[in-house]
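Survey of secondary and tertiary structure
In case you want the letters, here they are:
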Number of protein chains: 2
Amino acid sequence: MAKLYHFPLCAFSRRIRLALGEYGREAELMEERLWEQRQPFYALNPAGAIPVFVDDDETVVAGTEACGEYLDETRDRDRTQTSLIGETPAERAETRRLVAWFDIKFHSEVTLNLVYEKIDRRYMRANQGGGAPDMGAVRAGKENIKYHLDYIGHLIEDRNWLGGDRLGHADLAAAAHLSCIDYLGDVPWERNDAARGWYTRIKSRPSFRPLLADHLTGMPPPAIYADLDF
Amino acid sequence: MAKLYHFPLCAFSRRIRLALGEYGREAELMEERLWEQRQPFYALNPAGAIPVFVDDDETVVAGTEACGEYLDETRDRDRTQTSLIGETPAERAETRRLVAWFDIKFHSEVTLNLVYEKIDRRYMRANQGGGAPDMGAVRAGKENIKYHLDYIGHLIEDRNWLGGDRLGHADLAAAAHLSCIDYLGDVPWERNDAARGWYTRIKSRPSFRPLLADHLTGMPPPAIYADLDF
């Protein structure tokens, strides 16, 4: 069976887990704790980053962009599935613009400030940068998330999904990051009803269920996290 | 005519400039100084990042991944050009793994430490983070580049180009970053003959010529920069 090397609260891995569900692909989940620097993992991805997807035929697909594009390219063995990136070059450009918005901009402004500070640094040793969260970073993350919610609300005013008419990787990337922040209880959903409505829709999809079942030892999510009627 | 919003020593923009040359596409180069925060530019890319490609038909393609994939998708209007990403899903995954190696790992370990410190911060005001280079960062960048050169040398031992048999975006990404460092005279070419041999080949391509003509006012490159026999 195919395998996905991931970590439960890694937003990049979560996008690929959501994509697996949407494409109807199964994969065994292999939890990879990057800070343990396991040598066999470096053989799969010398860059030492997750996610890494290993397909049934042992093809190794390393890195978020590579995984997302690979799953889309190999989806339609029977030519029935719609692309989650888009049909025309212009649609595909818009999807990738928004994926970069979340994977680069949201990640550096929100996810790193909240998830890295509150989760990753708990697991790391002091000489790896571990320790208590930097509260300045946490405050910045909580401030920055506001305009990202507003941007999602702005996009969804004119569109069915973030990238256009159909659900796609723009939605998966946004939901992957937000779901990590939601696990911490740090998304101010009351701020933007349109953004909350969009998240309710994507949270209700079958592809989302495995994410809602994630549970880090010693750090359970708030009740709202798995509640579809939050 | 199509336009590319770029900055001469932005490695991401340079990959797309090289790609334009390899695909035989023409575009007017529009220099964008991000720290000036021009409002009309934010209308093109709300994330405020370069490169942005505006096609002949006004399609806006924002961000490095979007530009690279778009140019590849629109290359073969006459179905004669080979993909610079790869033909099979496995080849394409390998190209994208290596693009991420250079655009994420090399960028954070080398390019930011050298180009951002020595170039970008010269242009920025003090309240934007401008000022003299942080010499600790510069030293880290000069140290880190060594193993990246060795990794290029290691890849090229068994391959014609970095991603496989044919030149592709893995080469363009690597050359884009290295060419910025080379403009500063900070690539220790004597360290790895195989990496130097690969760079000699790509530097000699017609697509590279516009990059070799770049010249920042008050900060000329060393003679070696444009020398094909360096």
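Residues numbered from 1 in each chain as written. Chains lettered and ligands numbered in written order. Predicted model: local features only at pLDDT ≥ 70, side-chain atom pairs only at ≥ 80, totals over all residues. Heavy atoms only, no water.

This part covers the overall build of chain A. Along the backbone of chain A there are 8 helices and 4 strands. When the helices and strands of chain A are read in sequence order from the N terminus, they spell out β-α-β-α-β-β-α-α-α-α-α-α. The C-alpha radius of gyration of chain A comes to 17 Å, within 12% of the 17 Å expected for a compact globule of 230 residues. Overall size of chain A, expressed as C-alpha extent along the three principal axes, is 50 × 45 × 30 Å. Contacts spanning at least 24 positions in sequence make up 68% of the contacts within chain A whose residues lie at least 6 apart. A total of about 9900 Å² of accessible surface is found on chain A, and carbon and sulfur atoms cover 49% of it. Once the 29 positive and 37 negative side-chain charges of chain A are each reduced to a mean point, those two points are 3 Å apart. (Helix = DSSP H or I, 4+ residues; strand = E, 2+ residues; numbered from the N terminus. Rg over C-alpha atoms; globule rule 2.2 N^0.38 Å. Contact = heavy atoms within 4.5 Å. Areas by Shrake-Rupley, 256 points an atom, 1.4 Å probe, with all protein chains shown as cover. Lys, Arg positive; Asp, Glu negative; His and termini not counted. Charge placed at Lys NZ, Arg CZ, Asp CG, Glu CD.)

Within the largest apolar cluster, 72 residues are counted, with the highest numbers of intra-cluster contacts made by Phe53, Leu162, Leu178, Trp198, Tyr199 and Ile202 of chain B. In terms of residue count, helix H6 (residues 169-183) of chain B provides more of this core than any other element does, 10 residues in total. Each of domain 1 (3-73) and domain 2 (89-226) of chain B contributes no fewer than three residues to this core. Discounting chain neighbours no more than four positions away, the residues touching phenylalanine 53 of chain B are Ala2, Lys3, Leu4, Leu20, Arg25, Ala27, Thr59, Val60, Val61, Cys67, Tyr70 and Leu71 of chain B. In this structure, Cys67, Val110, Ile156 and Leu172 of chain A belong to the second largest nonpolar core, which totals 70 residues. (Core = buried A, V, L, I, M, F, W, Y, C linked by side-chain atoms within 4.5 Å. Buried < 20%, exposed > 50% of the residue type's maximum accessible area, 1.4 Å probe, protein only. Domains from an automatic or database assignment.)

So, about the sheet that holds strand E2 (residues 28-31) of chain A. Pairing between sheet strands relies on hydrogen bonds along the backbone, with the strands arranged either parallel or antiparallel. All names here are of chain A. Strand order in the open sheet formed by 4 strands is E2-E1-E3-E4, with mixed pairing between adjacent strands. Single-partner strands in this sheet number two, and they are E2 and strand E4 (60-62). Strand-to-strand twist in this sheet, taken as the mean axis angle between neighbours without regard to direction, amounts to 20°. Bridge count for strand E3 (residues 52-54) against E4 is 3 bridges, and the pairing is antiparallel. Counterpart to valine 54 in the pairing with E4 is valine 60. (Pairing = 2+ DSSP bridges. Axes fitted to C-alpha atoms, helices over the stretch in contact; angles between N-to-C directions.)

The next point concerns the pairing of strand E1 (residues 3-6) of chain B. All names here are of chain B. Taken together, the 4 bridges between E1 and strand E2 (residues 28-31) define a ladder with parallel strand orientation. Looking at the pairing, leucine 4 lines up with leucine 29 of E2. On the question of chirality, the crossover connecting E1 to the parallel E2 by way of helix H1 (residues 11-23) is right-handed. Bridge count for E1 against strand E3 (residues 52-54) is 3 bridges, and the pairing is antiparallel. (Right-handed = clockwise from strand over helix to strand, strands pointing away.)

So, on to the interface of chain A and chain B. Across the boundary between the two partners, chain A contributes 22 residues, which contact 22 residues of chain B. Counting the surface chain A buries against chain B, the share from its top three residues, Glu73, Arg96 and Arg97 of chain A, is 27%. Across the chain A-chain B interface, the total number found is 6 salt bridges. Among the ionic pairs, arginine 96 of chain A bridges to glutamate 73 of chain B, the shortest N-O distance being 3.1 Å. The tally of links between chain A and chain B comes to 4 residue pairs in polar contact (both at pLDDT 80 or more). (Buried area = accessible area lost by both parts, 1.4 Å probe. Salt bridge = Lys/Arg side-chain N within 4 Å of Asp/Glu carboxyl O. Polar contact = N/O pair within 3.5 Å; in protein donor to acceptor, adjacent residues only side chain to side chain.)

Attention now goes to the relation of the copies chain A and chain B. Superposition record for chain A on chain B: RMSD 0.0 Å, screw rotation 180°, translation along axis 0.0 Å. Taken together, the rotation and translation describe the operation of a two-fold axis. Considering only C-alpha atoms, the residue of chain A closest to the rotation axis is glutamate 65 of chain A, which sits at 4.3 Å. (Least-squares fit on C-alpha atoms with pLDDT ≥ 70 in both.)

Before going further, it helps to spend a moment on the domain arrangement of chain A. All names here are of chain A. The domain architecture assigned to chain A consists of domain 1 (3-73) and domain 2 (89-226). One C-alpha centre belongs to domain 1, the other to domain 2; they are set 19 Å apart. At the junction of the two partners, domain 1 supplies 21 residues and domain 2 supplies 29 residues. Of the roughly 2200 Å² buried where domain 1 meets domain 2, counting both sides, 63% is carbon and sulfur surface.

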